[in-house]
Amino acid sequence: MPDSPAGPPSPPVPLAELLAREELGLHRIAGPEQADLLWVHTSEMADPYPYLLGGELLLTAGVQLTDPDTYVARLVQAGAAALGFGVAPVYDTVPAALVEACDRHGLPLLEVPPETRFTAVARAVWRLMAEARHRELRRVTRAQQALATAAARPDPVPAVLRQLAVQLEGRVALLTADGGVLHAAGGRPAPDVQTALARLARVVAPSASSAPSAPSGPTGHAPSAAPGVMPGVMPPGAAPPAAGPGRKPSPSSATDTRAGAHLFAYALGGGQGLALVLATPRRDSGDHTVAGIAVVLLSLLTAPHQGADAAGRSAALVRLLLGAAPQDVAPLLGDGDPWTVVHARRADGTPAGPLNAGALGAALGSALSDVDRETVRVLLPGPHETVTPQPGWTLGVSGPAPVSALPDADTQASRALGHAEATRTPLSTHRPGTGGLAALIPPDRAEAHARTLLAPLTEPLAETLRCWLGLHGSWDRTAVALKVHRNTVRQRIARCATLLDADLDDMDVRTELWFALRAGGSAPE
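Residues numbered from 1 in each chain as written. Predicted model: local features only at pLDDT ≥ 70, side-chain atom pairs only at ≥ 80, totals over all residues. Heavy atoms only, no water.

Draft legend 1. Representation of unusual backbone geometry. With an omega dihedral of 5°, the bond running from Ala88 to Pro89 counts as a cis peptide bond. Here Pro89 is to be found in the loop between β6 (82-86) and α3 (96-105). Positioned with a positive phi, Lys483 is a non-glycine residue whose angle comes to about 60°. When you line up the elements, Lys483 lands in the loop between α14 (475-482) and α15 (486-500). Lys483 gets classed as partly exposed once you look at its relative accessible area, which sits at 47%. (Helix = DSSP H or I, 4+ residues; strand = E, 2+ residues; numbered from the N terminus. Buried < 20%, exposed > 50% of the residue type's maximum accessible area, 1.4 Å probe, protein only.)

Next comes the structure, spelled out in structure tokens:
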């Protein structure tokens, strides 16, 4: 078949839908039952091959039909989808030789009754296309709204993937350049399908060590570019993969089939080497558009911040590595003092990854985020009043601190997070002392007394005592805040009482220890 332009903007019309229009009276008398119609064309030429684009329902009355077998063979070569034969005015019935030729070459043959005009058939096809296009637009609109809503969730990347799996009724995954799975949603496919998806991901997002040539598909051919996507064309806002000397730019998308599953791979923008892969049981109209929306959202969600902010962070990192003091590089990271530290954990207890941390940082207005085990830490330039609760997260916020005191602020945020989890509140903020009786004692004398009084306690015991007093002696809430068993809390408090030789049930003793803990370190919550 010669090169042809892309199909029309409307989705194809299944042949079965056209045959279901009873007012046309069409009957399939030869060839397969399944076919997709892209166009309708009428021709009485002996060989219409040069004028066909592919996917047509060709209508003819057989005016110049002399060799049915050659005629049908040429239609199949041109990519025609089906042949409609009118049984008037030239022929009273469909020629038997034409029926045999269509069965032999696998071309659906429709009998058009005398009372049905070709224009009526064409009008019915265009109407079905318009209806299909309207359904597709409604589906894409609903999918776009659902994906945008998912992108606004606390865990935007997994949420977008889950929603995409629902919309396409298949398996979706976000892969790294080396084939690692960052996130996935949908049913797990067969092992050979997973292998094929990983191969497709390397086609669109090759790693630095991958070979220049694309791997072969299951039939020995390179996987094809997705319909409507030209190789090397990236989604909006995306940066094309770098092509070294002698290497061709990677395609932005690729498709394949394996074990009855339709496979897709799309490169994400942002230079992260990530690829979105999909495996669906069927390929419906609008799938590519829905996937394209997800690609744009995921590219924005996973791309690092660019511009002056990124340059400032890079400069600050270089200066720190070369020995500069934190207070000297702080102006490169924001507006300067004060700074606020935020600790966060997922409210549902699931671990947080770098993508979740970046999304939380963006929601709080900072690109300075880190994941320390299950805890996300975000550094905010400015006072803590700008921090608001985030859906799906439990937050602990430090008080404002200069760069030189950020380690203390980090401790404050950690304690505030423990307090928030213990009290089941979405956000807890460090509250420093504001005068009162403690302010009547000179700080140096108060600190010296605190060191003497608390000297028998190790740091874990002092922290446990501080948390227990701050939570009004609650064993359970202290256990939640410290992430230990309640019996461990009881044992530690009993050990504190023994080492201090004090009755911790006495309010006077508790009050003195409380003041000592405040004077000897960061104020408890």
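Draft legend 2. Summary view of the pattern of salt bridges. Inspection of the entire model under this criterion finds 18 salt bridges. The partner of Glu421 in a salt bridge is Lys483, with the nearest N and O atoms 3.5 Å apart. Highlighted residues: Glu421 in helix α11 (residues 406-423) and Lys483 in the loop between α14 and α15, separated in sequence by 62 residues. (Salt bridge = Lys/Arg side-chain N within 4 Å of Asp/Glu carboxyl O.)

Draft legend 3. The arrangement of a negative patch on the surface in detail. On the surface, a cluster of negative charge is contributed by Asp503, Asp506, Asp508 and Glu512. Within the secondary structure, Glu512 is located in helix α16 (residues 507-520). Assessed through its relative accessible area of 40%, Glu512 is described here as partly exposed. (Patch = residues over 30% accessible without salt bridge, like charges linked within 9 Å, V, L, I, M, F, W, Y side chains within 5 Å. Areas by Shrake-Rupley, 256 points an atom, 1.4 Å probe, with all protein chains shown as cover. Lys, Arg positive; Asp, Glu negative; His and termini not counted. Charge placed at Lys NZ, Arg CZ, Asp CG, Glu CD.)

Draft legend 4. The arrangement of the nonpolar core in detail. Of all hydrophobic cores here, the largest spans 29 residues; its most connected members are Leu147, Leu161, Leu164, Leu276 and Leu278. Put simply, the parts of the chain that give this core at least two residues each are α4 (118-151), α5 (156-168), β8 (171-175), β11 (261-267), β12 (275-280) and α7 (287-302). Setting aside residues up to four positions removed in sequence, Leu164 forms contacts with Leu147, Val172, Leu276, Leu278, Val290, Ala291 and Ala294. Among the nonpolar cores identified, the runner-up in size contains 22 residues, and Leu15, Ala122, Ala124 and Met129 belong to it. (Core = buried A, V, L, I, M, F, W, Y, C linked by side-chain atoms within 4.5 Å. Contact = heavy atoms within 4.5 Å.)

Draft legend 5. Molecular detail of the packing of aromatic side chains. Enumeration according to the criterion identifies 2 aromatic pairs in this entry. The ring of Tyr49 carries the charged tip of Arg74 above its face, separated from the ring centre by 4.1 Å. We note Arg346 situated over the ring of Trp393; from NZ or CZ to the ring centre the distance is 5.4 Å. (Phe/Tyr/Trp six-rings, centres within 6.5 Å; stacked < 30°, edge-to-face > 60°. Lys NZ or Arg CZ within 6 Å of the ring centre and 35° of its normal.)

Draft legend 6. Quick peek at the environment of Ser253. Mapped onto the elements, Ser253 comes out in strand β10 (residues 253-258). A relative accessible area of 2% places Ser253 in the buried class. For the pair formed by Ser253 and Val277, sequence separation is 24 residues and the distance between their alpha carbons is 9.5 Å.

Draft legend 7. A look at the pairing of strand β5 (residues 56-60). Counting buried residues in β5 gives 5 out of 5 residues, a clear majority hidden from the surface. Of the two faces of β5, the one lined by Glu56, Leu58 and Thr60 and the one lined by Leu57 and Leu59 are each fully buried. The pairing of strand β4 (residues 39-42) with β5 spans 4 bridges and is parallel. Considered in β5, the bridge of His41 is made with Leu58. Here β5 runs beside β6; their pairing, made up of 4 bridges, is parallel. (Pairing = 2+ DSSP bridges.)

Draft legend 8. Expanded view of the packing of α14 against α15. It is the contact of α14 with α15, at a shortest axis distance of 8 Å, that shows an interaxial angle of 105°. What the angle tells us is that α14 and α15 run roughly perpendicular. Across the interface between the two elements, Trp475, Asp476, Thr478, Ala479 and Leu482 of α14 pack against Arg486, Val489, Arg490, Arg492 and Ile493 of α15. Class assignment of the residues belonging to the contact of α14 with α15 gives a composition of 5 nonpolar, 1 polar and 4 charged. (Axes fitted to C-alpha atoms, helices over the stretch in contact; angles between N-to-C directions. Parallel < 35°, antiparallel > 145°, perpendicular 65-115°, else oblique. Nonpolar A, V, L, I, M, F, W, Y, C, P; charged D, E, K, R; others polar.)

Just geometry here; none of it tells us what the structure is for.
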